[in-house]
Amino acid sequence: MPVPRLSNEGDDPLSIFMKPPPYETDEERTDRLRREAEEKRVSDQIDEYIKAERAAMKKKRSDIKLLLLGQSESGKSTTLKNFQLTFAPKAWREERTSWRAVIQFNLVRSVNTILDVLSKEMLSALGGGSTAHLNIAQSSSRPPSGSWSMDALDANLDGNFSSDDEQEVYQPIPASTFPPLKFTSSHSLLKLRLAPLRSVECDLKTFLGAGSTEVTASTSDISQMVATPFDIDYRGSAPPSASLTRRRTNEFAVRSHAAWKRSLGMHTGSSKTRPSSPKAGLDLDGATEVIAGCKDDIKMLWHDPLIQELLKRRGVKLGDSAAYYFHHVDRIANRKYEPSDDDVLRARLRTLGVQEHKLVFEHSADAGSTWCIYDVGGSRTSRAAWLPFFDDAHAILFLAPINCFDEQLAEDPRVNRLQDSMILWKSIVSSKLLTGCSIVLFLNKYDLLVKKLQSGVQARDFVTNYGDRENDAAVFAKYMRGKFKTLLKDLSPKPRPFYGFLTSVIDQQNTGLTLSYCKSCIGWRLRTPLTTANSAGWYLARAPQKSRDRLVALLPRGTTTISTIYHLIYCK
């Protein structure tokens, strides 16, 4: 039955409702009009908020979302810095000085680690005890008995080993193997002069917050570990009730452009944000003054032949960048120190949770476009936090440190680091949730692989499937690249191209070239405008000829994207 149409405005219920009272006074009318004006203002403001939110959501959907994945200390944060340095140099320069405290902390922590080893060794030399228990090295190496094979990937997808594989991370050389080191009074004096650096390290830790503390087996909660972000429990390692008693992780996600800046010294709890310490207003100039005063003693400590022999005997592994910072101590331990690009690229600060960074491109045809880059905490205690960010990801840059074939995870000493990377890679490429993602592989820390193999370490002692192949970095890297490529080809839900690069992300020039090429590959797969190729060409056209030739040799010919790069390089 048709609904009768209202004949005039007087029959409209809304008009009747909105009609002013019949006996309204002037005072009541003024008050009513004032209320109506305020209500309209609020309504218009809500409409503007909704409009702005809709525009922001539309823009966010158009931004490329890139995830940096990989285990802890694989080079994810350093890769993010290279993105900023390459594509947003102005913003990078404004941010660079902020890293001074992190660099100073890295240097001071290395000095104090050496002093710890020295103190225990001198105590032993004086008859105060044995050093057989010494286990303070920041190392995850173990002898060839910890070898593994590629076949173990299928049997141990969760990354766990049998009890026969469980052993201590660090096995010091017995004191009787070498003649005792003859320390002098100068070493005792060095310890005394460098003692103020203990308080400096504590102060810098307070300022930098939880990111300044590295994950270890003793500090990791087994109930929070997962081998891959798709696991629901830590099979084979956790007690049967672990999956039922898993506590909420203390790590956190910061959803902002300069997340690490605003999170220094801060921690997100269940209800509010609070300083991690009452020393939120710490005077960093005082720490700089102490470090500058200890400069000569730091140099003396590092260059002392007995100290170097002690570190070698005890298998002490400092951070990857420790030698670099000691080499540049004259510049770093200076009252007017300003960090360089290389200093910042080598700075180590552990990533907590998942941190979002907005990268706004500053040059060429890409100026103004935005990528959302997510840097994740890579330890097994952090991987459960990755999963929510997979939903609308466009691309993944996966970093696997190729030099760590003889090392173990800091949080779980039973797990080989290279095998852990392959387990993670296997879970990522086989995920149906990530079918539409472009995936790029960086086999990182190639420079450290070269040094390790040249020092005499035999890859076949740790990777049994490597067989009788030459113990050469290029040969080993090609072998591992083939293994990662095979996993992607065999396990991907649908065919996808393989982009695999040997990298050393502390090399900013070559990493910038590689990132430019990766950007063009990601843009081409997403069918975005050829400005992605223009960006690569812009960067390559200004690079040295040797670097251009190196990258061009890696490029597959025949696509419009790469043709654009060739044109910009050679036809400019």
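These numbers were taken from a predicted model, which means no experiment stands behind them.

**Things to note about the environment of R96**
Within the fold, R96 resides in helix α4 (residues 89–96). Sequence spacing of R96 and V344 is 248 residues, and the spatial spacing of their C-alpha atoms is 7.0 Å. Contact partners of R96, with chain neighbours within four places excluded, come to P339, S340, D341 and V344. Side chain to side chain, R96 and D341 meet in a polar contact 2.7 Å long.

**With respect to the pattern of salt bridges**
Going through the model one piece at a time under the given rule, you end up with 26 salt bridges. Between D297 and R193 there is a salt bridge, and its shortest N-O distance comes to 3.5 Å. Taken as a pair, D297 in helix α11 (residues 295–303) and R193 in helix α7 (residues 185–193) lie far apart in primary sequence, 104 residues in all. A relative accessible area of 10% means that D297 is categorised as buried. The closest approach of N and O atoms between D420 and R383, which form a salt bridge, is 2.8 Å. Of this pair, D420 sits in helix α16 (residues 417–429) while R383 sits in the loop between β6 (370–376) and β7 (395–401), and the two are 37 residues apart along the sequence. Accessibility classification places D420 together with R383 in one group, the buried group. Here the salt bridges do not stand alone but share partners, grouping D406, E407, R417 and K452 into one network.

**Focus: the confidence of the model for the protein chain**
When pLDDT is averaged along the protein chain, the result is 76, and 68% of the positions lie at 70 or above. Below a pLDDT of 50 lies the segment residues 128–145, which in the model reaches 57 contacts outside its immediate sequence neighbourhood of four places, other chains included. Here residues 236–260 scores under 50 on pLDDT; set against residues more than four positions off or in separate chains, the count is 62 contacts.

**Quick notes on the packing of aromatic side chains**
Inspection of the entire model under this criterion finds 16 aromatic pairs. Consider the rings of Y324 and Y325, whose centres lie 5.6 Å apart with planes at 70°: the pair is edge-to-face. Here Y324 matches Y325 in class, with each residue buried. The interplanar angle of 65° and the centroid separation of 5.4 Å between the aromatic rings of F398 and W425 together place this pair among those described as edge-to-face. On the criterion of sequence distance, the pair formed by F398 in strand β7 and W425 in helix α16 is long-range, its members being 27 residues apart.

**Section: the nonpolar core**
Counting residues in hydrophobic clusters, the biggest one holds 46 residues, and the most contacted among them are L194, L197 and F326. Broken down by secondary-structure element, the contributors of at least two residues to this core are α5 (100–125), α8 (196–208), α10 (284–293), α11, α12 (305–314), α13 (322–327), α14 (329–332) and α15 (341–345). Broken down by element, this core gets its largest block of residues, twelve residues, from α5. With 41 residues, the next largest nonpolar core counts C372, F390, A393 and A473 among its residues.

Procedures and definitions
Residues numbered from 1 in each chain as written. Predicted model: local features only at pLDDT ≥ 70, side-chain atom pairs only at ≥ 80, totals over all residues. Heavy atoms only, no water. Helix = DSSP H or I, 4+ residues; strand = E, 2+ residues; numbered from the N terminus. Contact = heavy atoms within 4.5 Å. Polar contact = N/O pair within 3.5 Å; in protein donor to acceptor, adjacent residues only side chain to side chain. Salt bridge = Lys/Arg side-chain N within 4 Å of Asp/Glu carboxyl O. Buried < 20%, exposed > 50% of the residue type's maximum accessible area, 1.4 Å probe, protein only. pLDDT = per-residue confidence, 0-100. Phe/Tyr/Trp six-rings, centres within 6.5 Å; stacked < 30°, edge-to-face > 60°. Core = buried A, V, L, I, M, F, W, Y, C linked by side-chain atoms within 4.5 Å.

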